[in-house]
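# Observations on chain architecture
Here's the letter readout for the chains.
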Amino acid sequence: MTWAEPGTAEFRTGEPGTAELGTAASGTGEPATAEGPAAGTAELTWAEPGTAEFRTGEPGWAGFRTGEPGSAEALTAEPGEAEPPDELAAAHSFLVEHPVADGYSGLPWVLRHLPWYDLELGEGGVDTDVPRMRKGHIGALFWSLHLPEGLTGERAVGATLEQLDLVRTVVHAHPEGLRLVHSAGQTTDARNCGRVGVLLGPAGAPALDDSLGILRALHALGLKILTLAGVSWAGEAGLTRFGEEVVREMNRIGVLADVSGAPEATVRRTLAVSRSPVLCTRSAAHALRSHPANLSDDLLAELGEAQGLCMVPLTAEQTGPSIPDVADHLDHVRKIAGPDCVGLSGTYDSGAAHPASLTDASCYPHLVVELMRRGWPADDLALLTWGNVQRVLRSADFTARAAQDRREASTAKITELDG
């Protein structure tokens, strides 16, 4: 395998239906990869005997069909020409009206380790900045407050407060591109003013230090989503009595529960207890790719019945190495949970590898092109990109107002409820 320029390649074939790509040989249907000096990486996928295609790390594509042993016919395209211009223009036009509400960004933790940055002019050290969010038509973004594993107690509380302070500082330093928001209405207002609405969360449950008072304090500082994992009251056995009290208090103040990565018993019990929609901020279909954070069809069906939201991550590990792989997961979740219960989660700046042509926050139009080709109705696409997140935010606020009329702030202690 020799590389010329991004989007082009030479390869050698053996028997009909087999090919050698770089140093890895394939003919069994498994992906093969090779590295090139210009294009970066390539992923080889087999269709039928004698045919295959691969996508390069740069925007671009190439395909070949094998013939006699040692020969093949190659097809290549220049980088960025994977989609016809009219299809890409249609995707951009759609996203102008229905921007993306992105369910997960690891940007705060990355910025914490950069000595200097400017997100409005563009920042090469991250996957997400204001120019790329505008190019990708992102209207709202959930900024993760997750921490490295192992932080508990006061250390977790302190580190989460530092993350909250950092996010507020970053948003205030970039007023032309970003705006801190807490509700569906504020998110829409930010979008109408040409700003990206920044929602705080998810944060990890260890940040509460088993205290409902700390939960309310974090909410007062803007926290909107809490991930129910990594604590004694939300484990393999499900929610304890204190865990259920945490969920009820979250409902009362308007903090959404995220169960991505939580044990199955915790997911099911949270769906049963919560009166607000439950989120999975980084979960795809386990039936298509066996990953611990992906949901089985049973759980997807339960999430749909509860009017929750499964936000499919754009990561190679959870959804696969190509745009069609991501689209397969979106198709599956829409089929099982329903079009009202599927969303998008870029998961950029989280350290995860991303599918080809979905490498940063500017790439959402490429995914929309694929979904349009698959015949997604415009109404379902609008729910996927923007509408479902708006519904969940509105529902959480409505539930909170109703609960506050019936219930005082909880003063329960974990020692009282769980012993």
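No experiment lies behind these values; they were computed from the predicted model shown.

### Quick word on the overall build of the chain
From N to C terminus, the chain includes 14 helices and 22 strands. Taken across its 419 residues, the chain has 55% of its residues classed as buried. Restricting the contact set of the chain to residue pairs at least 6 apart, pairs at least 24 apart contribute 67%. Per element, the accessible surface of the chain, about 17500 Å² overall, is 50% carbon and sulfur.

### Some words on the packing of aromatic side chains
The full count for this structure, using the stated rule, is 1 aromatic pair. Positioned above the aromatic ring of W376, the side-chain terminus of R334 is 4.1 Å from the ring centre.

### Looking at the pattern of salt bridges
Pairs may arise between side chains of opposite charge once their charged atoms sit close together. This model, assessed by the stated rule, comprises 19 salt bridges. Measuring nitrogen to oxygen at the nearest pair gives 2.9 Å for the salt bridge that ties K224 to D397. With K224 in the loop between α6 (212–220) and β16 (225–227) and D397 in helix α13 (residues 378–406), the pair connects residues that are 173 residues apart, well separated along the chain. D397 shares its class with K224; the two are buried.

### Brief notes about the packing of helix α5 (residues 184–192) against α13
Running from amino to carboxyl end, α5 crosses α13 at an angle of 140 degrees, the nearest separation of the two axes being 8 Å. Compared by their axis directions, α5 and α13 come out oblique. Side by side, α5 and α13 meet where A184, T187, T188 and R191 of the first sit next to W386, Q390, L393, R394 and D397 of the second. Taken together, the residues of the contact of α5 with α13 sort by class into 3 nonpolar, 3 polar and 3 charged.

### Overview of the nonpolar core
By size, the foremost hydrophobic cluster in this structure holds 88 residues, and its most contacted members are L119, W143, L178, W233, L330 and L367. At 6 residues, helix α11 (residues 323–337) tops the list of elements feeding residues into this core. The contact partners of L119, leaving out residues within four places of it in the chain, are L107, L111, V126, T128, D129, V130, P131, W143, V170, H174 and L178. Among the nonpolar cores identified, the runner-up in size contains 17 residues, and L199, W386, V389 and A396 belong to it.

### A closer look at the pairing of strand β22 (residues 342–345)
A two-sided burial pattern is seen for β22, the buried positions comprising V342 and L344 on one face and G343 and S345 on the other. Alignment of strand β21 (residues 309–313) against β22, held across 4 bridges, turns out to be parallel. What sits directly across from P313, in β22, is S345.

### Some words on the side chain of H146
Positionally, H146 belongs in the loop between β12 (138–143) and α4 (153–173). Given a relative accessible area of 17%, H146 falls into the buried group. Here Y104 takes part through its side chain, which lies 2.9 Å from a polar atom of the side chain of H146. Filtering out sequence-adjacent residues up to four positions away, H146 remains in contact with Y104, Q163, P202, A203, G204, T227 and R282.

### With respect to the confidence of the model for the chain
Averaged over every residue, the pLDDT of the chain is 85; residues scoring 70 or more account for 80%. With pLDDT under 50 throughout, residues 1–81 is counted as low confidence; its partners more than four residues away or in other chains account for 155 contacts.

### Description of the layout of surface pockets
Volume-wise, the largest pocket comes out at about 900 Å³. Along the walls of the largest pocket sit 34 residues, with Y104, H146, L147, E149 and R282 positioned nearest its centre. Within the residue set of the lining of the largest pocket, elements represented by two or more residues are α4 and α10 (316–319). Residue classes in the lining of the largest pocket are distributed as 13 nonpolar, 17 polar and 4 charged.

### Section: unusual backbone geometry
Cis rather than trans, the peptide bond between G201 and P202 has omega equal to 10 degrees. Considering the arrangement of structural elements, one finds P202 in the loop between β14 (196–200) and β15 (203–204). The phi dihedral of D209 is positive, around 50 degrees, even though this residue is not glycine. As for its position among the elements, D209 is in the loop between β15 and α6. Despite not being glycine, S357 shows a phi value in the positive range, around 70 degrees.

### Notes on the pairing of β12
Strand residues, when the strand is regular, have side chains that alternate between the two faces of the sheet. In terms of burial, β12 is largely enclosed, as 6 of its 6 residues are buried. Pairing of strand β11 (residues 100–105) with β12 involves 4 bridges; the strand directions are parallel. If you follow S105 over to β12, its bridge partner there is W143. As paired elements, β12 and β14 share 4 bridges and run parallel to each other. Directly across from W143, in β14, lies its bridge partner L200.

Reading the values: the criteria
Per chain, residue numbering runs from 1 following the sequence as it is written. Only residues with pLDDT of 70 or above have their local features reported here, since the model is predicted, and side-chain atom pairs are shown and tallied only from 80 upward, although totals for entire chains, interfaces and linings are computed over all residues. Working from all heavy atoms in the structure, the side-chain values ignore hydrogens and water. Strands are runs of DSSP state E lasting at least two residues, helices are runs of H or I lasting at least four, and both sets are numbered from the N terminus onward. Remark: exposure states derive from per-residue accessible area (1.4 Å probe, protein chains only) relative to the maximum for the residue type, with buried under 20%, exposed over 50%, and partly exposed in between. Whether two residues are in contact is decided by their heavy atoms: any pair within 4.5 Å suffices. Exposure was quantified through the Shrake-Rupley algorithm and a 1.4 Å probe, taking into account, for residues, occlusion by the shown protein chains and nothing else. Within 6.5 Å between ring centres, the rings of Phe, Tyr and Trp (the latter by its six-membered ring) count as paired, and their orientation is classed by plane angle as stacked under 30 degrees, edge-to-face over 60, tilted in between. Cation placement over rings: the criterion is NZ of Lys or CZ of Arg within 6 Å of the ring centroid and within 35° of the ring normal. We count a salt bridge whenever a side-chain nitrogen from Lys or Arg sits within 4 Å of a carboxyl oxygen from Asp or Glu. The axes used here are C-alpha line fits, helices contributing only the stretch in contact, and every angle between their N-to-C directions lies in the interval 0 to 180 degrees. Any angle that is under 35 degrees is reported as roughly parallel, and any over 145 degrees as roughly antiparallel; angles of 65 to 115 degrees are reported as roughly perpendicular and all others as oblique. When residues are grouped by polarity, Ala, Val, Leu, Ile, Met, Phe, Trp, Tyr, Cys and Pro land in nonpolar, Asp, Glu, Lys and Arg in charged, and all others, Gly among them, in polar. In plain words, nonpolar cores are sets of buried Ala, Val, Leu, Ile, Met, Phe, Trp, Tyr and Cys residues tied together by side-chain atoms within 4.5 Å. Only strands that DSSP links by at least two bridges are regarded as paired with each other. Contacts described as polar in this section are N or O atom pairs within 3.5 Å, which, within protein, must combine one atom able to donate a hydrogen with one able to accept it, while residues neighboring in sequence count only if both atoms come from side chains. Each residue carries a pLDDT score, the predictor's confidence in it, ranging from 0 to 100. In this analysis the probe radius is 1.4 Å and the grid spacing 1 Å, with only protein atoms considered; a cavity is a set of points the probe fits into but cannot get out of, a pocket is an open set with protein on both sides within 12 Å along at least five of seven lines, and lining residues have an atom within 4 Å of a point. Grid points are joined across faces, edges and corners, and a volume is the space filled by probe spheres set on the points.

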